[in-house]
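Working through the structure, step by step
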Amino acid sequence: MSVHFFIVKTISYLFHFARFQEFERSSWPCAVCYSDRLGSESFKFNVCGHIYCKDCMMQHFTVRIESGEVKQLTCPEDKCDTQAHPSQVRVSLTLTSVI
């Protein structure tokens, strides 16, 4: 691995980590219940960027799965077909079973 590659990867990681920390500390409105939540209490779809509170997304995923719509774990935004990443769904549903 070259030094240049290592530097580029490190800078990229630090940039993404700083953006993640900024998201976690900032307040975001949920597009479903309209409550403002910190990013640490929110769910962001990586592709489309839509943001919802974790409570609304846990309910959304639970209803979809219980109704047999396992392949329809998409963003609830009208006309948005962005799929939730499996790890995001897993974390959301794990939180539900803990609560």
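Look a little higher up for the structure.
Residues numbered from 1 in each chain as written. Predicted model: local features only at pLDDT ≥ 70, side-chain atom pairs only at ≥ 80, totals over all residues. Heavy atoms only, no water.

The terminal C-alpha atoms of helix H1 (residues 3–25), which comprises 23 residues, lie 33 Å apart, in line with the 33 Å expected from a rise of 1.5 Å per residue. Where H1 begins, one side-chain oxygen reaches toward the backbone nitrogen of Phe5, 3.1 Å away; that side chain belongs to Ser2. (Helix = DSSP H or I, 4+ residues; strand = E, 2+ residues; numbered from the N terminus. Expected span 1.5 Å × (residues − 1). Polar contact = N/O pair within 3.5 Å; in protein donor to acceptor, adjacent residues only side chain to side chain.)

A separate point is a nonpolar patch on the surface. A grouping of Val3, Phe6, Ile7 and Ile11 is seen on the molecular surface, where their side chains present a nonpolar patch of about 420 Å² in accessible area. In this structure, Ile11 sits in helix H1. (Patch = residues over 30% accessible without salt bridge, like charges linked within 9 Å, V, L, I, M, F, W, Y side chains within 5 Å. Areas by Shrake-Rupley, 256 points an atom, 1.4 Å probe, with all protein chains shown as cover. Salt bridge = Lys/Arg side-chain N within 4 Å of Asp/Glu carboxyl O.)

A few words on the pattern of salt bridges. Counting across every chain of the model gives two salt bridges. The partner of Glu69 in a salt bridge is Arg64, with the nearest N and O atoms 3.6 Å apart. Judged by its relative accessible area of 33%, Glu69 is partly exposed. (Buried < 20%, exposed > 50% of the residue type's maximum accessible area, 1.4 Å probe, protein only.)

Among the nonpolar cores identified, the biggest contains 13 residues, and Phe43, Phe45, Tyr52, Met57, Phe61 and Ala84 are the most heavily contacted of them. Counting residues per element, this core draws most heavily on helix H2 (residues 54–66), at three residues. Apart from residues no more than four positions distant in its own chain, Tyr52 is found in contact with Cys30, Ala31, Val32, Ser42, Phe43, Phe45, Met57, Cys75, Pro76 and Glu77. (Core = buried A, V, L, I, M, F, W, Y, C linked by side-chain atoms within 4.5 Å. Contact = heavy atoms within 4.5 Å.)

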